Amino acid sequence: MSTRQTKVNQGIVKQVLSGDSVIIRGQPKGGPPPEKTLSLSNIIAPKLGRRAVNNAEGTKDEPYAWEAREYLRKKLVGEEVLFTLEKPPNTSREYGCIYLGKDIATGENVTESLVSEGLVSVRHQGVRQGPEQQRLIELEEAAKAAGKGKWAVRGSQEHVRDIIWSIDNPRNFVDKCGGKPIKAVIESVRDGSTVRAFLLPDFYYITLMISGIRCPGFKLDNDGKPDPSAKVPYAEEAKFFVESRLLQRDVEIILESVSNNNFVGSILHPRGNIAEALLKEGFAQCVDWSMAFMKSGSDKLRAAEKLAKEGKIRKWKDYQATGPQISGMEKEYTATVTEVVNGDALMVKTADGTVKKIFLASIRPPREQRTTEEKPNEPPPPRSKGFRPLYDIPWMFEAREFLRKKLIGKKVNVVVDYIQTAKDNFPEKVCCTVTIGGVNVAEAMVSKGFATVLRYRQDDDQRSSHYDELLAAEMKATKSGAGVHARKDIPNHRVLDVTGDLTKAKQNLPSLQRAARTEAVVEFVASGSRLRLYIVKGNSCLVTFLLAGISCPRGSRPGIGGAGPVDGEPFGEEALQFTKDKCLQRDVEVQVKSMDKAGNFIGWLWVDGHNLSVALVEAGLASVHFTAEHSEHYRALKAAEDTAKAARLKVWKDYVEENEEEKKIEEDHVTERKIEYQKVYVTEVTPELHFYAQLVEHGPKLEQLVAKIRQEFTANPPLAGAYTPKRSEICATKFSFDGQWYRARVEKISGSKVSVFYIDYGNRETVDVSQCAALPSSFATDKPYAHEFALACVQLPNDEDYKEEAIQALKSALNPSLNLNVEYRQGNVSYATLVDITNNDEDIAKKLIHEGLLMCENRKEKRLQKLMVEYRAAQEAAKRRHVNMWMYGDITEDDAEEFGLGR
């Protein structure tokens, strides 16, 4: 065929149909460009295999058909070419030649290249003879002589593909691929988000829906083919956008799921993500169901869609954002969680003290399940009497506990995703993503099956900024049957509600009194000293608990019988808030002492090891009640009250001290030192010059208790690992020195090591957790036998060496026969003198002062002056003899201003 008088055209190769047929398109101008199918003149390429369709049987490749097609594909697809056209009579096909280059004189003749490689045959019949035809024949003869391509002597069947047109079990195939990239060639584009491809090297032919997006599709006619008369906005443009970038390109495909025998997956291309590009150009929108299958990159797709929406590009040209827009400080802030309202609602306090109620975005906590007999549109039947959603709805308690233990009192980062406006009697909801330590709390909830993910209309963008991570977490939870997705082992909480029930309260009082300290959770705070507790161990129950030993002002409250609100007492609201801040929804320990006539339990409550009654008094929000005088906490309460009075805090702001002269007269009357000796046995001395002592009269009781503990643990040895120690808990611990069991209080837990305090002896030790065991309740009722004291009227030297000598000297001076007299108290510690009755009632402190190991403290109480004279005389004698700390003179003279003390 001669080309000398034929017009030369320009175009871009869109697709290679076979080794001798291509589709060439023009440049796009305001939409998809026109295109032509061109058959290469004077050659015949091996035929590619075809899939069986309807009644037509499938065919296999002719040898080298795929190689011929691939040769052209790699050389031409996407390239700008020159080509000639000729349409012979009596045929609908157009023939011609394709040239790679700037002009046909110097460009590569693609037909000649194919013949030279032995990939096609030259037509000899029915063709116009000429120089071009002769040239092709010569090239063919050369290829035959060289045994190139299809002219090879043997092995032609090795160049026939074994195409797998249909995969029997797509789901198994996806699992087998394991999310790894597979090399592929895109064979056709059905629409902007659906392609067909060959997976290499095994030639699996698949239809692939691109994960995470959907483009406008084509409407089909009755035969299931695209209806050209029905125009769908941007469908043609989206298809062309993908064709121009991916059609017959080498890509990698990650198979992620299956939908109706079509595969769902992501396409990887060196130049970028086609899904992201489609979204940026406004050709596609995100779809939740397939985005959930993506292992990564969903955030980029959401961001690309957001840009298109904000720019109102193409399909988003009429887009209007739904819901209020949030920006600035209201969009993201740090806050402290003060309360877990529900499985998806929190109360948080910001840095400026503002309290906000926020909701975890796009999740739904466990809720009451309807029975199969109930109809969806009908209201649920009335709940049974005493129904408590927190405990009676499966998994709701677990969801609340997960949030409570993870968040209460902790700082979190809050990002407001959207605000759900008030409607249908439901208030406005501020929905947020809450993170702590980089962990998305909502995602953690969903992954454990403590919440499900809300589903939205596709055009509703009022959702979590991490919505895809939530969907992925829910998918994993569903597969593992976690939480609300479980089909068995559904939790059932049997909780006894004792609040307001005098009979039940009387029945439970003895067991709670015997339990000593009991673990509980503060569910509600009614006032500064009135709380509702969920008692965890034993028979789980809800109780009303009143703090012992204090009088606390009450806040405002509703009137009885529908009457108007009752005004609160001064500082009542502050006391309420103080108690809320300290212990609402926190783990606490309680000791029930008694019960009032309404069935409310009265006792002591500790949070983080601190007595809440003492804390309220210390903050000036409560006063000491006379009933506390006979309790072991009276000293601490009285000291806290004195401190609050001195500082004129809160309820004491108008407090006036007793008349100073009256107080002075009263003190003048107390001139005699009161001596009431108690025989003691000192068991431990601390580096602060404190010591622990047992009353000798209690010795037999202690020995009996220790013997019973050893007998119990010999008969019933504890199982290793069965006990988990908790801070401030009284347990049994095996002492490393003699290998025997003693009562101890847990002070600190560091991994497998536990620091304990032996409450009957006053010494401390760090042991392995396996050396601790639960203490039977029958051994927990006795009060600790070791009492803390400090030596009165003396102080340690500042020098560390002399200080150590003083401590060792005190230890050496102690013997089993000592008398102890309490001289005064400071805070919770009693300061006492010790007398050695075996050595002519020698005063231990006076002896150590005389030996230059302790210094005399300057006490001003009149009743102690006679004792102070003796101590000062002993100190002066030590100075004169220059013993120990006085070896180089009077060390107290260094306290002068020139030595820097007063600076």
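Criteria and cut-off values
- Residues numbered from 1 in each chain as written.
- Predicted model: local features only at pLDDT ≥ 70, side-chain atom pairs only at ≥ 80, totals over all residues.
- Heavy atoms only, no water.
- UniProt positions renumbered as here; feature names shortened; annotations may be inferred.
- Helix = DSSP H or I, 4+ residues; strand = E, 2+ residues; numbered from the N terminus.
- Rg over C-alpha atoms; globule rule 2.2 N^0.38 Å.
- Buried < 20%, exposed > 50% of the residue type's maximum accessible area, 1.4 Å probe, protein only.
- Contact = heavy atoms within 4.5 Å.
- Phe/Tyr/Trp six-rings, centres within 6.5 Å; stacked < 30°, edge-to-face > 60°.
- Pairing = 2+ DSSP bridges.
- Axes fitted to C-alpha atoms, helices over the stretch in contact; angles between N-to-C directions.
- Salt bridge = Lys/Arg side-chain N within 4 Å of Asp/Glu carboxyl O.
- Core = buried A, V, L, I, M, F, W, Y, C linked by side-chain atoms within 4.5 Å.
- Polar contact = N/O pair within 3.5 Å; in protein donor to acceptor, adjacent residues only side chain to side chain.
- Domains from an automatic or database assignment.

- The name recorded for the protein chain in an unreviewed UniProt entry is Staphylococcal nuclease domain-containing protein 1, from Cryptotermes secundus.
- What UniProt records for the protein chain under Subcellular location (unreviewed entry) is the sentence "Cytoplasm".

## What to know about the overall build of the protein chain
Working step 1: Looking only at helices and strands, the protein chain has 21 helices and 46 strands in total.
Working step 2: On C-alpha atoms alone, the protein chain measures out to a radius of gyration of 44 Å, which is more than a quarter above the 29 Å that the 2.2 N^0.38 rule sets for 903 residues.
Working step 3: Among the 903 residues that make up the protein chain, the fraction classed as buried is 44%.
Working step 4: Across the protein chain, contacts joining residues at least 24 apart in sequence account for 61% of those joining residues at least 6 apart.

## A closer look at the packing of aromatic side chains
Working step 1: Evaluated as defined, the whole model comprises 27 aromatic pairs.
Working step 2: Their ring planes at 85 degrees and their centres at 5.2 Å tell us that W66 and F203 sit as a pair that is edge-to-face. A residue pair is termed long-range when its members are at least 10 positions apart, and W66 in helix 1 (residues 65–76) and F203 in the loop between strand 11 (194–199) and strand 12 (204–210) qualify at 137 residues. The two residues W66 and F203 agree in class, both being buried.

## Some remarks on the UniProt feature "domain: TNase-like" (unreviewed entry) in the protein chain
Working step 1: The sites that carry the UniProt feature "domain: TNase-like" (unreviewed entry) are, in the present numbering, residues 7–153, 180–318, 331–487 and 516–654.
Working step 2: In the segment residues 7–153, helix accounts for 24% and strand for 26%; the C-alpha atoms at its two ends are 40 Å apart.
Working step 3: Across residues 180–318, helical content stands at 27% and strand content at 32%; the span's end C-alpha atoms are separated by 39 Å.

## Structural notes on unusual backbone geometry
Working step 1: Following L200, the chain continues to P201 via a peptide bond in cis, the omega torsion being 5 degrees.
Working step 2: Counting through the fold element by element, P201 comes out in the loop between strand 11 and strand 12.
Working step 3: Non-glycine residue N840 carries a positive phi angle of around 60 degrees.
Working step 4: Position of N840 relative to the elements: it lies in the loop between strand 44 (829–836) and strand 45 (842–843).

## A closer look at the sheet that holds strand 36 (residues 730–734)
Working step 1: Within the open sheet, the 5 strands sit side by side as 39-38-37-36-40. Their pairing is antiparallel. Looking along the sheet, the strands with just one partner apiece sit at the ends: strand 39 (764–768) and strand 40 (772–774). Strand after strand, the sheet turns through a mean of 50 degrees between neighbouring axes, direction not considered.
Working step 2: Alignment of strand 38 (residues 753–757) against strand 39, held across 5 bridges, turns out to be antiparallel. Its bridge partner being in strand 39, V756 is matched across the sheet by E765.

## Some remarks on the environment of N260
Working step 1: Along the chain, N260 falls in the loop between strand 14 (250–259) and strand 15 (262–268).
Working step 2: Between the alpha carbons of N260 and D392 there is a distance of 40 Å; along the sequence they are 132 residues apart.

## Some details on the pattern of salt bridges
Working step 1: Here the structure, examined in full by the defined rule, presents 43 salt bridges.
Working step 2: Note that R400 and E401 form a salt bridge whose closest N and O atoms lie 3.1 Å from each other. Across the pair, exposure class does not vary: R400 and E401 are buried alike.
Working step 3: Among the ionic pairs, K753 bridges to D768, the shortest N-O distance being 4.0 Å. On the criterion of sequence distance, the pair formed by K753 in strand 38 and D768 in strand 39 is long-range, its members being 15 residues apart.
Working step 4: On the basis of relative accessible area, K753 is assigned to the partly exposed category, the value being 42%.
Working step 5: When its relative accessible area of 26% is taken as the criterion, D768 is described as partly exposed.

## Structural notes on the nonpolar core
Note on soluble globular proteins: their nonpolar side chains tend to be buried together.
Working step 1: Judged by nonpolar contacts, the single largest core of 42 residues is most densely connected at V522, L533, F545, F601 and L605.
Working step 2: Dropping the residues within four chain positions of it, F601 is found in contact with V498, A505, N508, L509, L512, V543, T544, F545, L546, V592, S594 and M595.
Working step 3: One finds Y333, F402, Y418 and V446 within the second-largest nonpolar core, a separate group that totals 41 residues.

## Quick look at the side chain of E729
Working step 1: Looking at where E729 falls in the secondary structure, it is placed in the loop between helix 18 (699–715) and strand 36.
Working step 2: At a separation of 2.4 Å, a polar atom in the side chain of E729 contacts the side chain of Y723.
Working step 3: In contact with E729, other than residues within four places in its own chain, are E519, K537, E589, Y723, T724, A744, R745 and V746.

## Observations regarding the sheet that holds strand 12
Working step 1: Spatial ordering of the closed barrel is given by 10-11-12-15-14, a layout of 5 strands whose pairing is mixed. Going from strand to strand, the sheet's axes swing by 50 degrees on average, the running direction of each strand aside.
Working step 2: Contacting strand 10 (182–191), strand 11 and strand 14, helix 1 crosses the sheet at an angle of about 80 degrees to strand 10.
Working step 3: Across the sheet, helix 4 (residues 170–177) is in contact with strand 10, strand 11, strand 12, strand 14 and strand 15; its angle to strand 14 comes to roughly 130 degrees.

## Quick word on the domain arrangement of the protein chain
Working step 1: In terms of domains, the protein chain is made up of domain 1 (8–158), domain 2 (170–316), domain 3 (332–369 + 389–485), domain 4 (496–652), domain 5 (688–786) and domain 6 (792–886).
Working step 2: For domain 3 versus domain 6, the distance between C-alpha centres works out to 62 Å.

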